[in-house]
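Inside the fold
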Amino acid sequence: GAATSSGGPLLWKNRDTGTLSNKLLLVTEHPYSFLALIDADDEAGRAAWAGVNAAGFGIANSASYNLPQPTGELQEQEGVVMAEALRTCRTVGDLEDLIKRRQGKRLGVRTNFFAIDADGGAVIIETHNHGYTRYEASAFPGQRLANTNYSRSGGENDGSGYLRFDRESELLRAVPAESLDAATVFRLLSRDLGHPLVQHPARDSWAALPADR
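What comes next concerns the included structure. (Residues numbered from 1 in each chain as written. Predicted model: local features only at pLDDT ≥ 70, side-chain atom pairs only at ≥ 80, totals over all residues. Heavy atoms only, no water.)

So, on to the overall build of the protein. A count of helices and strands for the protein gives four helices and seven strands. Counting helices and strands in the order they occur from the N terminus, the protein gives β-β-β-β-α-α-β-β-β-α-α. Residues classed as buried in the protein amount to 38% of the 213 residues present. In the protein, 56% of the contacts between residues at least 6 apart in sequence involve partners at least 24 apart. For the protein, the exposed surface amounts to about 11,600 Å²; the carbon and sulfur share of it is 52%. Each charge class in the protein can be summarised by its mean position, and for the 22 positive and 27 negative side chains these summaries are 1 Å apart. (Helix = DSSP H or I, 4+ residues; strand = E, 2+ residues; numbered from the N terminus. Buried < 20%, exposed > 50% of the residue type's maximum accessible area, 1.4 Å probe, protein only. Contact = heavy atoms within 4.5 Å. Areas by Shrake-Rupley, 256 points an atom, 1.4 Å probe, with all protein chains shown as cover. Lys, Arg positive; Asp, Glu negative; His and termini not counted. Charge placed at Lys NZ, Arg CZ, Asp CG, Glu CD.)

What follows is the structure in structure tokens.
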């Protein structure tokens, strides 16, 4: 909460997927109903790719390509796990307990789970079938925790998304806590076309650039 203008935790995910048609669905469940981002052809919402529930618990994920992926074990169950978390979890601690209970070859995940709750919790739990590592946003500079398609606990210099991570980190460092809100995320991060290895003039200087730039 100290990282945002509202004083409450903020969770944002940019979904990269081959499933271009998505929708939001309100799933009436027990103990918690939830609003989930799902594939448009999903009628039940049993695989959620981001969401928030009635208790104020929110979750999203990014695929991680440098965590262990044993052969012959269940895979690509991240959406199923997140739907279960939305149905059953009130806090980020509840999510960790859920991961502990499901750990094993049938868990079927290789991912970074991002989660926030109404108590102010904000974490990334990097998770695979046989282990996980939890990171608290409050322990990072500016109390902001970002990631792309690799895990800090995974193989060094493996995975992907390092340049994208550098760019998002650069953009976030320039935003003071009193200015970080959903509108700033949409305007600054979601629409950014910059690259950390390419000169990227500031938006307010574009009008002064020569035509051949």
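On the surface, a nonpolar cluster with roughly 380 Å² of combined accessible area is contributed by Leu24, Leu26, Leu35 and Val52. Position of Leu35 among the secondary structure elements: in strand β2 (residues 34-39). (Patch = residues over 30% accessible without salt bridge, like charges linked within 9 Å, V, L, I, M, F, W, Y side chains within 5 Å. Salt bridge = Lys/Arg side-chain N within 4 Å of Asp/Glu carboxyl O.)

Under the counting rule described, the total for this entry stands at three aromatic pairs. When the ring of Tyr150 is compared with that of Phe165, the centres are 5.8 Å apart and the planes differ by 85 degrees; the resulting orientation is edge-to-face. One end of the pair, Tyr150, is in the loop between β7 (131-136) and α3 (162-173); the other, Phe165, is in helix α3, with 15 residues separating them in the sequence. In terms of burial, Tyr150 and Phe165 fall into one category: buried. In this structure an aromatic cluster arises from ring pairing among Tyr150, Tyr162 and Phe165. (Phe/Tyr/Trp six-rings, centres within 6.5 Å; stacked < 30°, edge-to-face > 60°.)

The subject of this paragraph is the nonpolar core. Judged by nonpolar contacts, the single largest core of 24 residues is most densely connected at Phe57, Ile59, Ala85, Leu86, Leu95 and Phe113. Elements that contribute at least two residues to this core include exactly β2, α1 (78-88), α2 (92-102), β5 (110-116) and β6 (122-128). Counting residues in hydrophobic clusters, the runner-up holds nine residues, among them Ala146, Leu172, Leu180 and Leu189. (Core = buried A, V, L, I, M, F, W, Y, C linked by side-chain atoms within 4.5 Å.)

Residue placement: Asn149 occurs in the loop between β7 and α3. Among the polar contacts made by the side chain of Asn149, one reaches the side chain of Arg164 at a distance of 2.7 Å. (Polar contact = N/O pair within 3.5 Å; in protein donor to acceptor, adjacent residues only side chain to side chain.)

Take the sheet that holds β6 next. To summarise the sheet geometry, strands pair through backbone hydrogen bonds and adopt either a parallel or an antiparallel arrangement. Strand order in the open sheet made by the seven strands is β1-β2-β3-β4-β5-β6-β7, with antiparallel pairing throughout. On the outer flanks of this sheet lie β1 (22-27) and β7, each paired with one strand and no other. When the angles between neighbouring strand axes are averaged without regard to direction, this sheet yields 20 degrees. With six bridges joining them, β6 and β7 adopt antiparallel strand pairing. Bridging across to β7, Val123 finds its partner in Glu136. Where α1 meets the sheet, it contacts β2, β3 (50-53), β4 (58-63) and β5, and its direction lies at approximately 165 degrees from that of β4. Its contacts with the sheet put α2 on β4, β5, β6 and β7, and the angle it makes with β6 is roughly 10 degrees. (Pairing = 2+ DSSP bridges. Axes fitted to C-alpha atoms, helices over the stretch in contact; angles between N-to-C directions.)

Before going further, it helps to spend a moment on the pairing of β1. Where β1 lies against β2, six bridges are found, and the strand directions are antiparallel. Counterpart to Leu26 in the pairing with β2 is Leu35. Between β1 and β2, which pair antiparallel one after the other, the connecting turn spans six residues.

Once that is clear, we can look at the packing of α1 against α2. Relative to each other, α1 and α2 sit at 130 degrees, their axes nearing to 10 Å. It follows that α1 is oblique to α2 by the angle criterion. The hand of the α1/α2 crossing is right-handed. Contact residues: Val81, Glu84 and Ala85 in α1; Leu95, Leu98 and Arg102 in α2. (Parallel < 35°, antiparallel > 145°, perpendicular 65-115°, else oblique. Left-handed = near helix turned anticlockwise from the far one by under 90°.)

Remember that the coordinates give geometry; whether it matters functionally is a separate question.
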